[in-house]
Every structure is written in structure tokens, then in C-alpha cells.
Amino acid sequence: IERAIRDHEDRLDQAGANTVSFFYYSGHGANDSEGAFGCENYMIPVNAPILSVRDLKVDAVPLEDAIVGFSRARVSFLVFDACRDFPFSKTRGRSLSRGFTIVPEQQGTFIAFSSAPGEVAFDDSDYAVILAEELRAPGKSHLDVFSDVRSRVNAISPDGQFPWSRDGVLGRFVFKEGPPQPQPVANLVDPAVQVAAFER
């Protein structure tokens, strides 16, 4: 993970000051919100030997490393699609909190999470598929893209998954140019549609 962050920073430096950065992370995450190291979120590598909160400082990667490292771009998008629950059945000492903790807004940076602070997203979530579809929709601003992702994920999620974001981008960024396509907005929040999705 640290190497991927470093390599992405290098690409941003090579591309110049007018670069737009997009970083997507999928995997495990956790936060230590009880004061040992301050309130900090972590990305957890696969098979990391983490048995306690203390191990996070050694074997996990702070989310802040990516947020700060990619802020050199003109506009930076960071998407964290992580289950955000401690992936081990036993821990020594105090337990980890569910979900990520709230991060502050940062100018020029848009941070998206697949679920709300303090909540977890599950491995069978449709977040990634829906996000990929919305990013390809022409004429949509970044605010419309992530708002529609939130509505669609929440509508089909049996557990009420609620994607969340922090917007520090000045103005509106369009991922794909072109005339906007008609959107059946009413259907996204129609209770009957939600019930049908739950039954399926």
C-alpha cells in the first residue's frame, strides 16, 4: 500500500500542477478512536499480523498518508471502499471501533467512503459496480455522481448502507464530457422500488 501511494505521488509529480488524481482503495480498514494515537483511520494490508490496536501503528497504513500525499494534484479524488471492521476474531487489549472516523475537508480534495462514519460496508456491497457506472455517465458533475451512487446503493442495500463523502473541490468537476442523460431520479428513492430490491 505504501509503495502504491509513493508510485502514485511520483506520477502526479511527473504530470504537473494541473493534474487530476483519482485513487480507489478496496480492502480492510479500521480506526483507533480511543486516544492511544489520536483519532486515526488505517488501511490494513492483506494478511497483516495485527493482533491489537498497537499493531496498527506498525503494520497498517494511515489513511492520512494518501490524503496528504495526493493533495499535490489540482483536484484529488480518493475513494475508500473498505469493510472497515477489524478482520481478526481476537485482539489483545482494547477493541477497535467500527468504521472510519470523520475526516476534515481539505481544499481541492474529494473523499468518498462506501458507508457512513462509524458504520461498515460488507464484502457483497454493490458500491464499486454502481460507482463505475456513474463515473461513465456523461455530463455529470462529481457532486451528482456521488449523490446518485449514494441513492442507488442505499436503495438496494438490505442493511441501509449509506455512502458518505467530504467535498473540498472548488466548483464542479465533470468526469466525462457530453450531454447529460435523463435520470429516473424518482425511482431511486421510491419506497416501492426499495421494497422490491430487498425482496430480490
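Residues numbered from 1 in each chain as written. Predicted model: local features only at pLDDT ≥ 70, side-chain atom pairs only at ≥ 80, totals over all residues. Heavy atoms only, no water.

Enquirer: Sorry if this is basic, but what is going on with the overall build of the protein chain here?
Expert: Scanning the protein chain for helices and strands turns up seven helices and six strands. Listing each helix as α and each strand as β along the protein chain from the N terminus yields α-β-β-α-β-α-β-β-α-α-β-α-α. Put simply, the protein chain has 200 residues, and 42% of those count as buried. In the protein chain, 69% of the contacts between residues at least 6 apart in sequence involve partners at least 24 apart. Carbon and sulfur atoms provide 52% of the accessible area of the protein chain, an area that totals close to 10600 Å². (Helix = DSSP H or I, 4+ residues; strand = E, 2+ residues; numbered from the N terminus. Buried < 20%, exposed > 50% of the residue type's maximum accessible area, 1.4 Å probe, protein only. Contact = heavy atoms within 4.5 Å. Areas by Shrake-Rupley, 256 points an atom, 1.4 Å probe, with all protein chains shown as cover.)

Enquirer: Honestly, the nonpolar core in this entry has me stumped. Any pointers?
Expert: One broad rule of soluble globular proteins: the nonpolar side chains tend to lie buried together. Core analysis: the biggest nonpolar cluster contains 19 residues, and Phe23, Met43, Leu78, Phe80 and Phe113 have the highest contact counts within it. Contributions of two or more residues to this core are made by α1 (2-15), β1 (20-32), α3 (63-69), β4 (75-82) and β5 (109-113). In contact with Phe23, other than residues within four places in its own chain, are Ile5, Ala66, Phe70, Phe77, Leu78, Val79 and Phe80. Formed by 14 residues, the second largest nonpolar core is a distinct cluster that contains Val79, Ala112, Ile130 and Val145. (Core = buried A, V, L, I, M, F, W, Y, C linked by side-chain atoms within 4.5 Å.)

Enquirer: For this particular structure, what's the right way to read the environment of Phe146?
Expert: Mapped onto the secondary structure, Phe146 falls in helix α5 (residues 142-156). Judged by its relative accessible area of 5%, Phe146 falls in the buried class. In sequence terms Phe146 and Glu134 are twelve residues apart; their C-alpha atoms lie 7.9 Å from each other. When near neighbours in sequence (up to four residues on either side) are disregarded, Phe146 contacts Phe77, Val79, Phe110, Ala112, Tyr127, Leu131 and Phe175.

Enquirer: I tried to follow the packing of aromatic side chains on my own but got confused; where do I start?
Expert: Each pair of aromatic rings is reported with the distance of its centres and the angle of its planes. Taken as a whole and judged by the stated rule, the model has twelve aromatic pairs. Ring centres of Phe173 and Phe175 lie 5.2 Å apart, and the angle between their planes is 80°; on these two criteria the pair is classed as edge-to-face. In this structure Phe173 comes out as buried when scored by relative accessible area, which is 19%. (Phe/Tyr/Trp six-rings, centres within 6.5 Å; stacked < 30°, edge-to-face > 60°.)

Enquirer: Is there a simple way to explain the pattern of salt bridges in this structure?
Expert: It is possible for side chains of opposite charge to pair when their charged atoms get near one another. Counted according to the given criterion, the structure contains eight salt bridges. With a shortest N-O distance of 3.9 Å, Glu9 and Arg72 are connected by a salt bridge. Linking Glu9 in helix α1 with Arg72 in the loop between α3 and β4, this pair joins segments that are 63 residues apart in sequence. On the accessibility criterion, Glu9 (17% relative accessible area) is buried. Salt bridges here are not isolated pairs; linked through shared partners, they connect Glu133, Glu134, Lys140, Asp148 and Arg152. (Salt bridge = Lys/Arg side-chain N within 4 Å of Asp/Glu carboxyl O.)

Enquirer: I keep staring at helix α4 (residues 127-135) and nothing clicks. Help me out?
Expert: For an α-helix the count is 3.6 residues per turn, leaving residues at separations of three or four pointing the same way. Among the residues of α4, those classed as buried are Tyr127, Ile130, Leu131 and Glu134. Taken around the axis of α4, the buried residues stretch over an arc of 100°, which confines them to a single face. Buried residues along α4 sit in contact with β1, β4, β5 and α5. (Arc of directions from axis to C-beta.)

Enquirer: It is not clear to me how α5 should be interpreted in this structure. Could you clarify?
Expert: Look at α5: 22 Å from first C-alpha to last across 15 residues, which is about the 21 Å you get at 1.5 Å a residue. Turning to α5, its buried residues are His142, Val145, Phe146, Asp148, Val149, Val153 and Ala155. (Expected span 1.5 Å × (residues − 1).)

Enquirer: Quick question: what am I supposed to make of the environment of Val61 here?
Expert: Tracing the sequence through the fold places Val61 in strand β3 (residues 61-62). Placed 60 residues apart in sequence, Val61 and Ile1 show a C-alpha to C-alpha distance of 7.2 Å. Once you skip the residues sitting within four places of it in the chain, Val61 turns out to touch Ile1, Glu2, Ile5, Asn41, Tyr42 and Met43.

Remember that the coordinates give geometry; whether it matters functionally is a separate question.
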